[in-house]
There are 2 protein chains.
Amino acid sequence: MSTRAAGEFTFIDLFLSHFPRARVPVGPGDDCAVLAPSKGAQCITTDAVVEDVHFTRAWFSPEDIGHKALAVNLSDLASMGAVPRWFVCALALPRDFPRRDLSGIARGMSALAREHNITLVGGNFTSARELSITLTAAGELLPGTAPITRAGGRPGDVLYVSGTLGDARLGLQQLQAGLRRSAAILRQKRPLPRMTLGRLAARFASAGLDLSDGLAQDLGHLCTASRVGAELELERLPLSRAVRASLGSEGALAGGEDYELLLAVPPERTSAFERACLRGEESVTRIGRLTPGVPGHIRDASGRSLRLPAGFDHFRGGRRIDRSGREG
Amino acid sequence: MSTRAAGEFTFIDLFLSHFPRARVPVGPGDDCAVLAPSKGAQCITTDAVVEDVHFTRAWFSPEDIGHKALAVNLSDLASMGAVPRWFVCALALPRDFPRRDLSGIARGMSALAREHNITLVGGNFTSARELSITLTAAGELLPGTAPITRAGGRPGDVLYVSGTLGDARLGLQQLQAGLRRSAAILRQKRPLPRMTLGRLAARFASAGLDLSDGLAQDLGHLCTASRVGAELELERLPLSRAVRASLGSEGALAGGEDYELLLAVPPERTSAFERACLRGEESVTRIGRLTPGVPGHIRDASGRSLRLPAGFDHFRGGRRIDRSGREG
């Protein structure tokens, strides 16, 4: 932890007390953490959650916030097929931030960290007007596995998506409408990174990413990076009953914060991939395929161009959550 | 970069365009950066600069802000004796943030990155109420060198400090008083991480850290971690003429944001260390020694207890810069 005056020490100690001691040459408390050289290639991601953008303190418990801050970073590691190793946590806290809420954030983060065997090795505290948490997380690729990137897709590869789509978006709408508990709200507050599926998929997938901006937009990114088009079978999109009833497949396409994995698998490997998912009890659904079409262009099964609903975009007035519950 | 909608792509592309393309297996643009395994042990630090805490947009140019955001992280690598390798950059930007200011931040950061041969491998954009930049930086220890930690000091070790103390604090006071240009203001805006000295010191020092909270407080941290006391020769503190005239040694002790290195060197290595500094044109000053006294207790040369002026502490009402120029 690199800011270290008396008052902050108390905050730092309190935060750290919720995490197991890192078994590294030098852990939190010095100017840097010192880590032994990594054996495999390292995957590094950094992602932030910001008050009133990714959560509100009115609707999210401190534990939810801590969970979400780590989950969105783990999801990036999952999408590359990496095994989680370590993370550092930079907290920006309003001046009056309650100590018990800091403990709550640490508890939510620590529980998820334990579950996925990732170690907190350092961090930083600073004051700020609004609460934000910026994590940098590192994972390692198992020997002999290549990372799953966005650029490896080829025409003919079959598209799969994990879990169900649109729930987190529905959860946000329900929160805005005054609801406080539902399965969809839980998906919004407590995204579950698909770590095991990511590692499994590294043996089969040609390309992939995690869905943070909505399927339509994220598939667009994969297609652009891979220089291919795509054909989606909309009626195959995996939707929960609640999402089907309220958002429909169009709404689920625009999802946002699903944190499911989108994977492209070459046709000769699909049987083996599906068998491995079945054995691993990983739920995946075949939703279409990559095509030689215009790069980034997505059609439905009847060949019609899909008008892509706008996904999550902070700068274009995306779905920023404000205190009044409006989407900004 | 892990948020990637259309509007943001433009921002991301603009930011990245100021940096050389990272020569790594996977660079910015995918869910994670992928890096080859490190050869030596890795040093990892994360540090943030926040608007109106570490800078104001009125007094700092975008280039200054970009420089400072990277400099404070490099300084942590320097203090461990590490060679800079890579960093990731998480930007939180107010909605109306001007594109030319984003370019300015990138330019200031990129110039310092080039100077110290550290590569931007990824990052993240999010919207926020106030501008903040959170970096995570990694360095590598050269084969055969141990990191310089806070905990290795022994009674009798000689204390050295690099450069001069108190200038950044004086610079802040001058900014608050309406001055806009001075050597001290430059130190406040453009801290220079002591990378070469850190690497050199790794061959000699038993302990060390970089001065971000002021010598008194940071020496206290070193002493506490090393379980030793310290004796300072106040008249030896290296002060610029301006600091001597305005703050004096008491004020310089409370410094803050000096980003100089404090090093403890065992007595049998001091001659060799001083010779190496002379050859390397690294300015260091002997300012005292570690003692077997009460851990963390600091005295002056006549044996009097030094009442430690409070250092930089956000949570206890430290020297937060607000828009009116008041210290908060």
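As the structure is a prediction and not an experimental result, all values here were calculated from the model.

*Asks:* Which parts of the structure should I look at to understand the confidence of the model for chain A?
*Replies:* The predicted coordinates of low-pLDDT regions are not to be read in fine detail. Residues and elements named next belong to chain A. With 91% of its residues at a pLDDT of 70 or more, chain A has an overall mean of 90. Taken as a whole, residues 1-6 scores under 50 in pLDDT and shows 41 contacts with residues more than four places along the chain or in a different chain. For residues 312-328, every residue scores under 50 in pLDDT, and the model assigns this stretch 71 contacts once sequence neighbours within four places are set aside.

*Asks:* What should I look at first to understand the UniProt feature "binding site: Mg(2+) 3" (unreviewed entry) in chain A in this one?
*Replies:* All names here are of chain A. Per the UniProt record, "binding site: Mg(2+) 3" (unreviewed entry) is annotated on Asp31, Asp76 and Asp210. For the annotated residues, spread through 180 residues, the largest C-alpha to C-alpha distance comes to 32.8 Å, inconsistent with a single compact locus. Relative to the assigned elements, Asp76 resides in helix α2 (residues 62-80). When you line up the elements, Asp210 lands in strand β7 (residues 207-210).

*Asks:* Honestly, the pairing of strand β3 (residues 83-93) of chain B in this entry has me stumped. Any pointers?
*Replies:* Residues in a regular strand point their side chains to alternate faces of the sheet. Residue and element names in this part refer to chain B. Of all 11 residues in β3, 10 are buried, a share of seventy percent or more. As paired elements, β3 and strand β5 (residues 132-140) share nine bridges and run antiparallel to each other. If you follow Pro84 over to β5, its bridge partner there is Gly139. Two strands pair when backbone bridges link them, and β3 and strand β4 (residues 119-127) are joined in this way by eight bridges, in the parallel orientation. Considered in β4, the bridge of Ala92 is made with Thr126. At this point the chain moves from β3, through helix α3 (residues 99-116), to the parallel β4, and the crossover so formed is right-handed.

*Asks:* Honestly, the pattern of salt bridges in this entry has me stumped. Any pointers?
*Replies:* Two side chains carrying opposite charge are able to pair once their charged atoms lie near each other. Residues and elements named next belong to chain A. Following the criterion strictly, the structure yields 36 salt bridges over all chains and no others. The residue Lys68 makes a salt bridge to Glu257 at a minimum N-O spacing of 2.9 Å. Within this pair, whereas Lys68 is found in helix α2, its partner Glu257 is found in the loop between α9 (248-253) and β9 (261-265), the two being separated by 189 residues in sequence. Glu257 shares its class with Lys68; the two are buried. Salt-bridge contacts for Arg299 lead to Glu231; the nearest nitrogen and oxygen are separated by 3.6 Å. Placement of the pair is Arg299 in strand β11 (residues 298-300) and Glu231 in strand β8 (residues 229-232), with a sequence separation of 68 residues. Among the ionic contacts, a cluster of salt bridges with common partners joins Asp167, Arg187, Arg194 and Glu260.

*Asks:* Even after reading the chapter, I still don't get the sheet that holds strand β3 (residues 83-93) of chain A, so can you show me in this structure?
*Replies:* Two modes of strand pairing occur in sheets, parallel and antiparallel, and in both the strands are linked by backbone hydrogen bonds. The strand order across the open sheet built from five strands is β4(A)-β3(A)-β5(A)-β2(A)-β1(B), with neighbouring strands paired in mixed fashion. Looking along the sheet, the strands with just one partner apiece sit at the ends: β4 (119-127) of chain A together with β1 (33-35) of chain B. Strand-to-strand twist in this sheet, taken as the mean axis angle between neighbours without regard to direction, amounts to 20°. Sheet strands touched by α2 of chain A: β2 (42-50), β3 and β5 (132-140) of chain A together with β1 of chain B. Its angle to β2 of chain A, the strand with the most contacts, is close to 150°.

*Asks:* Hey, could you run me through the sheet that holds β9 of chain A in this one?
*Replies:* All names here are of chain A. In space, the six strands of this open sheet follow the order β7-β9-β6-β10-β8-β11, with mixed pairing throughout. On the outer flanks of this sheet lie β7 and β11, each paired with one strand and no other. Within the sheet, the average angular offset between the axes of one strand and its neighbour, ignoring direction, is 25°. Packing of α2 onto the sheet brings it into contact with β7 and β9, and relative to β7 it is tilted by some 170°.

*Asks:* Is there a simple way to explain the domain arrangement of chain A in this structure?
*Replies:* By a widely used convention, the size of an interface equals the accessible area lost when the partners come together. All names here are of chain A. What the domain assignment lists for chain A is domain 1 (6-140) and domain 2 (158-300). For domain 1 versus domain 2, the distance between C-alpha centres works out to 26 Å. The interface is formed by 21 residues belonging to domain 1 together with 20 residues belonging to domain 2. Buried area between domain 1 and domain 2, summed over both chains or domains, comes out near 1800 Å², and the portion from carbon and sulfur atoms is 61%. Taken as a group, Trp59, His67 and Ala78 account for 31% of the area that domain 1 buries against domain 2, more than any other trio of residues on that side. The interface formed by domain 1 and domain 2 includes three salt bridges.

*Asks:* What am I meant to see in the environment of Leu263 of chain B here?
*Replies:* Along the chain, the position of Leu263 of chain B falls in strand β9 (residues 261-265). Measuring from C-alpha to C-alpha, the distance between Leu263 of chain B and Gly214 of chain B comes to 14 Å, with 49 residues separating the pair along the chain.

*Asks:* Teacher, can you tell me more about the pairing of strand β2 (residues 42-50) of chain B here?
*Replies:* Across the nine residues of β2 of chain B, nine count as buried, placing the element largely inside the fold. In the sheet, strand β1 (residues 33-35) of chain A pairs with β2 of chain B via three bridges, with the strands oriented antiparallel. Among the inter-strand pairings, Ala33 of chain A is bridged to a residue of β2 of chain B, identified as Ile44 of chain B. Pairing analysis gives nine bridges linking β2 of chain B to β5 of chain B, with the strands arranged antiparallel. Directly across from Cys43 of chain B, in β5 of chain B, lies its bridge partner Gly139 of chain B.

*Asks:* So what exactly am I meant to see when it comes to α3 of chain B here?
*Replies:* Note: α-helices contain 3.6 residues per turn, so residues at a spacing of three or four share the same orientation. Along its 18 residues, α3 of chain B runs 26 Å from first to last C-alpha, staying within 8% of the 26 Å computed at 1.5 Å per residue. When α3 of chain B is considered as a whole, its buried residues turn out to be Asp101, Leu102, Ser103, Gly104, Ile105, Ala106, Gly108, Met109, Ser110, Leu112, Ala113 and His116 of chain B.

*Asks:* Teacher, can you tell me more about the packing of aromatic side chains here?
*Replies:* Each aromatic ring pair is characterised by the separation of its centres together with the angle its planes make. Residue and element names in this part refer to chain A. The final tally for this structure, using the stated rule, is 14 aromatic pairs over all chains. Summarising the aromatic geometry, the rings of Phe15 and Phe125 are spaced 6.0 Å apart at their centres and angled 85° between planes, so their arrangement reads as edge-to-face. Of the two residues, Phe15 sits in helix α1 (residues 6-16) while Phe125 sits in strand β4, which places them 110 residues apart along the sequence. Their ring planes at 70° and their centres at 4.9 Å tell us that Tyr160 and Phe273 sit as a pair that is edge-to-face. Here Tyr160 is found in strand β6 (residues 158-162), whereas its partner Phe273 is found in helix α10 (residues 270-279), with 113 residues between them in sequence. Tyr160 gets classed as buried once you look at its relative accessible area, which sits at 1%.

Reading the values: rules and limits
- Residues numbered from 1 in each chain as written.
- Chains lettered and ligands numbered in written order.
- Predicted model: local features only at pLDDT ≥ 70, side-chain atom pairs only at ≥ 80, totals over all residues.
- Heavy atoms only, no water.
- pLDDT = per-residue confidence, 0-100.
- Contact = heavy atoms within 4.5 Å.
- UniProt positions renumbered as here; feature names shortened; annotations may be inferred.
- Helix = DSSP H or I, 4+ residues; strand = E, 2+ residues; numbered from the N terminus.
- Buried < 20%, exposed > 50% of the residue type's maximum accessible area, 1.4 Å probe, protein only.
- Pairing = 2+ DSSP bridges.
- Right-handed = clockwise from strand over helix to strand, strands pointing away.
- Salt bridge = Lys/Arg side-chain N within 4 Å of Asp/Glu carboxyl O.
- Axes fitted to C-alpha atoms, helices over the stretch in contact; angles between N-to-C directions.
- Domains from an automatic or database assignment.
- Buried area = accessible area lost by both parts, 1.4 Å probe.
- Expected span 1.5 Å × (residues − 1).
- Phe/Tyr/Trp six-rings, centres within 6.5 Å; stacked < 30°, edge-to-face > 60°.

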